[in-house]
Structure formats: C-alpha cells, structure tokens
Amino acid sequence: MQPVLPPGPEGLPYFGNAFQFRRDPLAFVRGAQRAFGSVATVRFAGFPVVMFFRPEHVRYFLIEQPRNFTNREVARGLRRLLGDGLLTSDGEFHRQQRRLVQPAFHKRRVESYADIMVRHTCDMLDEWQSGARIDIARAMQELTLRIVAKALFDVDLKAENAQLGQAFRQVIENPTQIPWSIASIQLDLPFTPYGKNMAGRRTLDAYVYGLITRRRAEGRDTGDVLSMLLAARDDDGAAFSDTQVRDQTMTLFAAGHETTANALAWTFYLLSEHPAVRAKLLAELHTVLAGRDPTVDDIARLPYLDWVVTESMRLYPPAWTQGRRAIEAFDLEGYTFPAGTLVLFSQWVIHRLPDVWGDPDTFRPERWDPARGESIPSGAYFPFGGGPRICIGMPFAQLEARLLLATILQRYTPQLVSGFPVVPRPRVTLRPKYGIAMTLEPAPALVPA
Ligand code: HEM
C-alpha cells in the first residue's frame, strides 16, 4: 500500500513537478511553502520528495536524529566529483575521516591562516585598477581558491589558478544530474554539458593526483592537510590509497572555495545596493583599522562587519538547500514516513520565513545586534548546516569572509554596473547566473563613526 504523504503542488501526469522545479527552483520551493505551510510533497516522475519548512524540522534532521538521515545517496552528482570525501560519505568511515581532518580546522590552526588570507587579497588588490570593470564573483572564486590551496595544501596556484578555477566552474555549471534535461545525456563531447563536466573533472583529477604523487615522492611533512592525509593510517595500520587521499583533497578544494566566494560576491552586491549599510561598515573599519590590514585580533572589534556577513548569508545562503534520505521510518507533522523517504529543507525558504524574520526580504544587518533582543529560534538560520555534520570549514570561512571584506573595502568600493542583471542561480551552490559586474571605485576618504 502506498504511504499517505503530505499534499503538495499539482504537477503533470508522470513528470510531476519536475518542469516547474527546473524552471525556477527558488520560486518553486518558496511558493510551495507559502501554499502548504509546514510541509509539502513534490514529485519527480513518480519519486516523492518531502520538503520541510520549519526550524524545528531542521533541528530534528540535523541535530536530534542525524543518524537516521543519510546524505550519501542524495548528492549523487556531487559524489561523482568528490568520491568518498567528507561531504559525501557516511557512518563510521565518515566519522573516522572527520576526526582525521578536524585538527586542520581547530581555532588556533585556522587563525594561523589569517596571514595567507590577507596576503593573497593584497596581491589581488595590487592588480586591481580604479575605474576597472570586473566580475566580482569570478574574482572572489579565484582568490578563495588560491587561499584554500595555500592554507590547506601548501601550493601556490598563481600559475595554475585560471585553469583550475575554470575546471571547477565547468563542473559546477554543467551538472549532469538534472532529470529531463539535455544535461543528463551522457555524450562526452566538447560542446555537451556532460562533456564539459567530464573535461573539468579530468583537469581536476590530473592536478590532484599529480599533487599527491609529488608529495609522496618528496616525503616531506609540511604540517598541512595533505601531509596529514598521507601520514594517516586506518585501524589496520594501512595507509590511505591515492583514491582516498584524492577524494578528501578534492572535497576540501571544492567545498573550501566555491561557497565562500559566493558569500563574498553576494555581500558586495548587497553593499552596493545599500549605500547606508556600506557607509556604516566603512566607518567601523576606519575607526578600528584606520586603513591598515586587518588581523585575527581585530575581528572581535568589528561587530557590524559580523552582522553584515551574517545577514548576507541569510538572504543569499551559498548552500541554499540540504537533502537527506531516511534510513528508518519516522514520524513528523502527524505523518509516518517510510524508510527511504527523501527529505529536503532549504535555507533559501527557512531564512525567509515571514513569521520568523518579520521583514524577511529586507537586508538589515542590525537584526543581529544582540542589544536589540530580536530572538531567532534555533534551526531558523543554518547557512553552515548543523549537528555532527556541521560544515567543518565554518571557522575558516567565517574568518576568511571578514578578513577579505575588511581588506578590500578599505581600498575599493565595488559598485554594481547600472542595469546589470543579477540573477541567483541555484546549483549545488547559490551563484549569480551571469556573474556580478562591478566597477572598482576607490574607497572614499573615511570619517570615523
Ligand atoms: C560561506 C562558506 C561556506 C558555507 C556556506 C558552507 C556550507 C556548508 C554546509 C551547509 C554544509 C553541510 C552539508 C550537509 O550536511 O548536507 C557543509 C559541509 C562541509 N563543508 Fe562547508 N561551507 C562553507 C565553507 C567551507 C570551507 C571554507 C570548507 C573547507 C575549507 C568547507 C568544507 C566543508 C566540508 C568538508 C563539509 C562536509 C562536512 C561533513 O559532512 O562532515 N566548507 N558546508
């Protein structure tokens, strides 16, 4: 007997909601929440996916019952690129890998990367020119890729950057798992989406395997993540295979730059659209830094910067949705969901729930000021996920976003090119569909707050 699932948006016979979803995923998920409230079932060619829309659901899946919800089979497209890396593995294997990589993300360790973050940003700024027009999304992607490569793998990507950055873009912009789309036709030709995806993957694989081979041959311990992975032994005393090291390395490369780059690009966009917020932020930077480059110790003295970044990731969460598959049956919202149920909960929807946020579509960093006493229920804001699988790179990303913004904004004021279409495109991450064209105006002479 078919289980009774919550109602959801009307779809086409057989195809269900596939085309509506594909046309505009963001509008579709938000529309489903508005129409159905707490929960809705959507169907893709007969396969039901249950979308949950409340903060308490996020707590349930990520914090209270994480072991009953696997992400292994959910992100199949991602798995093709990342293999059995941290993001795409599960169970005991995942826990073991997470323990192994964790030291690279301890507070002290992450703080030691601050210098790399600021130095690479200054290198980029030395190449920028006043009045130039750039794609800030692309610039941030190249910068964050260089930073993660240097901090975690001790490699200087300056020469290879363009090639690697492009390979990541080829993979992300040409997903091969979109049902009923040309993208899912597996023809490995230079002009098909699948072919472009595969070409990107081959470039990345060649790079990462080359790196592993070089490091194994050198036998030196640089104290970075790659050294940790190469020195690690499993419970039977065996070293990791090249494939295992490759999967973890690729995961950290991919997860470690694309999301932060998008967070920064969206923040520049919001600041450009909200000059009053930008002026307030610049005043804070001037008071605390007076034009010098920021250090780790400055971050705690820049609360407005903190609220700006936090608020930007509320409105434009780089990870815009998360999915899980139930291992065993579970009860929620008065329904019994069978084992195998696919569930989805979306930052894009929950970060904009009107009953939680009041003015959900307004960019208002002040809402994060603790003195204002606006209370936000746990589970309503989760740009980094939550529970035992919370983003391992969160401290890295938090520090990086703040340091980069503080460094860049003291030298330039990126201003959106008038009339440029800024369109969020939800893929694995939430990226601007056409990039974000900005003119680099010099930072104004600053007045203290
Ligand atoms: C603004 C930047 C970032 C955002 C919004 C973000 C978001 C997320 C989210 C939502 C998850 C949970 C995925 C899930 O459970 O389904 C996650 C996991 C992960 N992130 Fe991030 N991330 C960011 C930056 C980073 C950085 C800088 C790194 C590494 C240097 C990183 C590495 C990872 C890894 C390895 C996982 C998998 C963790 C696990 O499952 O144990 N992320 N991230």
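Anything mentioned here points back to the structure above.
Residues numbered from 1 in each chain as written. Predicted model: local features only at pLDDT ≥ 70, side-chain atom pairs only at ≥ 80, totals over all residues. Heavy atoms only, no water.

Asker: Teacher, can you tell me more about the pattern of salt bridges here?
Answerer: If charged atoms from side chains of opposite charge come close, those side chains can pair. Per the stated rule, a full pass over the model turns up 27 salt bridges. Note that Arg 389 and Asp 90 form a salt bridge whose closest N and O atoms lie 3.4 Å from each other. On the criterion of sequence distance, the pair formed by Arg 389 in the loop between helix H18 (354–357) and helix H19 (394–409) and Asp 90 in the loop between helix H4 (76–82) and helix H5 (91–101) is long-range, its members being 299 residues apart. The shortest N-O distance in the salt bridge between Glu 258 and Arg 431 comes to 2.9 Å. (Salt bridge = Lys/Arg side-chain N within 4 Å of Asp/Glu carboxyl O. Helix = DSSP H or I, 4+ residues; strand = E, 2+ residues; numbered from the N terminus.)

Asker: Explain the sheet that holds strand S9 (residues 412–416) here, please?
Answerer: If you trace the three strands from one edge of the open sheet to the other, you get S4-S12-S9, paired in antiparallel fashion. A strand with exactly one partner marks an edge of an open sheet, and here the two such strands are strand S4 (133–135) and S9. Across the sheet, the mean angle separating the axes of adjacent strands is 40° when strand polarity is ignored. (Pairing = 2+ DSSP bridges. Axes fitted to C-alpha atoms, helices over the stretch in contact; angles between N-to-C directions.)

Asker: Is there a simple way to think about the sheet that holds strand S1 (residues 39–44) in this case?
Answerer: One open sheet accounts for five strands, arranged S1-S2-S8-S5-S3; its pairing is mixed. Only two strands of the sheet have a single neighbouring strand rather than two, namely S1 and strand S3 (69–70). Direction of pairing for strand S2 (residues 47–52) relative to strand S8 (residues 342–345): parallel, over a ladder of four bridges. In the sheet register, Phe 52 faces S8, and the bridge partner there is Phe 345. Strand contacts of helix H3 (residues 55–64): S2, S3, strand S5 (322–326) and S8, with the helix running at about 125° to S8, the strand carrying the most contacts. (Contact = heavy atoms within 4.5 Å.)

Asker: Looking at this model, I keep getting lost on the packing of helix H7 (residues 114–127) against H19. Mind explaining?
Answerer: Packing of H7 against H19 leaves a shortest axis separation of 9 Å and a crossing angle of 35°. For H7 against H19, the interelement crossing comes out right-handed. Here Ala 114, Met 117, Val 118, Thr 121, Cys 122, Met 124 and Leu 125 of H7 come into contact with H19, specifically with Phe 396, Leu 399, Glu 400, Leu 403, Leu 404, Thr 407 and Ile 408. Counted by class, the contact of H7 with H19 contains 11 nonpolar, two polar and one charged residues. (Left-handed = near helix turned anticlockwise from the far one by under 90°. Nonpolar A, V, L, I, M, F, W, Y, C, P; charged D, E, K, R; others polar.)

Asker: Please clarify how the packing of helix H16 (residues 303–315) against H19 should be interpreted in this entry.
Answerer: Two packed helices can be described by the angle between their axes and the distance between those axes. For the pair H16 and H19, interaxial distance at closest approach is 10 Å and the crossing angle is 115°. In this structure, H16 meets H19 at a crossing whose hand is right-handed. Residues Leu 305, Asp 306, Val 309 and Thr 310 of H16 form the contact with H19, whose own contacting residues are Ala 401, Arg 402, Leu 405 and Ala 406. For the contact of H16 with H19, a count of residues per class yields five nonpolar, one polar and two charged.

Asker: Any chance you could explain the site of the ligand here in plain terms?
Answerer: Taken together, 25 residues lie near the ligand, and His 94, Arg 98, Arg 324, Arg 389 and Cys 391 sit nearest. The side chain of His 94 places a nitrogen or oxygen atom 2.6 Å from an oxygen atom of the ligand. Residue Arg 389 places a side-chain N or O atom 2.9 Å away from an oxygen atom belonging to the ligand. Among the elements of the structure, H5, helix H12 (242–255), helix H13 (258–273), S5 and H19 are those that each provide at least two residues to the shell around the ligand. Here the shell around the ligand is built from residues that sort into 15 nonpolar, seven polar and three charged. (Near = heavy atom within 4 Å. Polar contact = N/O pair within 3.5 Å; in protein donor to acceptor, adjacent residues only side chain to side chain.)

Asker: Honestly, H19 in this entry has me stumped. Any pointers?
Answerer: Turn by turn, an α-helix covers 3.6 residues, leaving residues three or four places apart pointing in a common direction. Taking 1.5 Å per residue as the helical rise, H19 with its 16 residues ought to reach 22 Å, and the 22 Å between its terminal C-alpha atoms agrees with that figure. Counting buried positions along H19 yields 13 of 16 residues, so the element is predominantly enclosed. (Expected span 1.5 Å × (residues − 1). Buried < 20%, exposed > 50% of the residue type's maximum accessible area, 1.4 Å probe, protein only.)

Asker: It is not clear to me how the side chain of His 57 should be interpreted in this structure. Could you clarify?
Answerer: By secondary structure assignment, the location of His 57 is in helix H3. With a relative accessible area of 2%, His 57 lands in the buried category.

Asker: Quick question: what am I supposed to make of H5 here?
Answerer: Considered for burial, the residues of H5 that qualify are His 94, Gln 97, Arg 98 and Val 101. For H5, the buried positions fall inside an angular range of 100° around the axis, keeping them on one side. Each element contacted by the buried residues of H5 is listed here: helix H11 (225–231) and H12. (Arc of directions from axis to C-beta.)

Take it as geometry only, folks, not as evidence of what the structure does.
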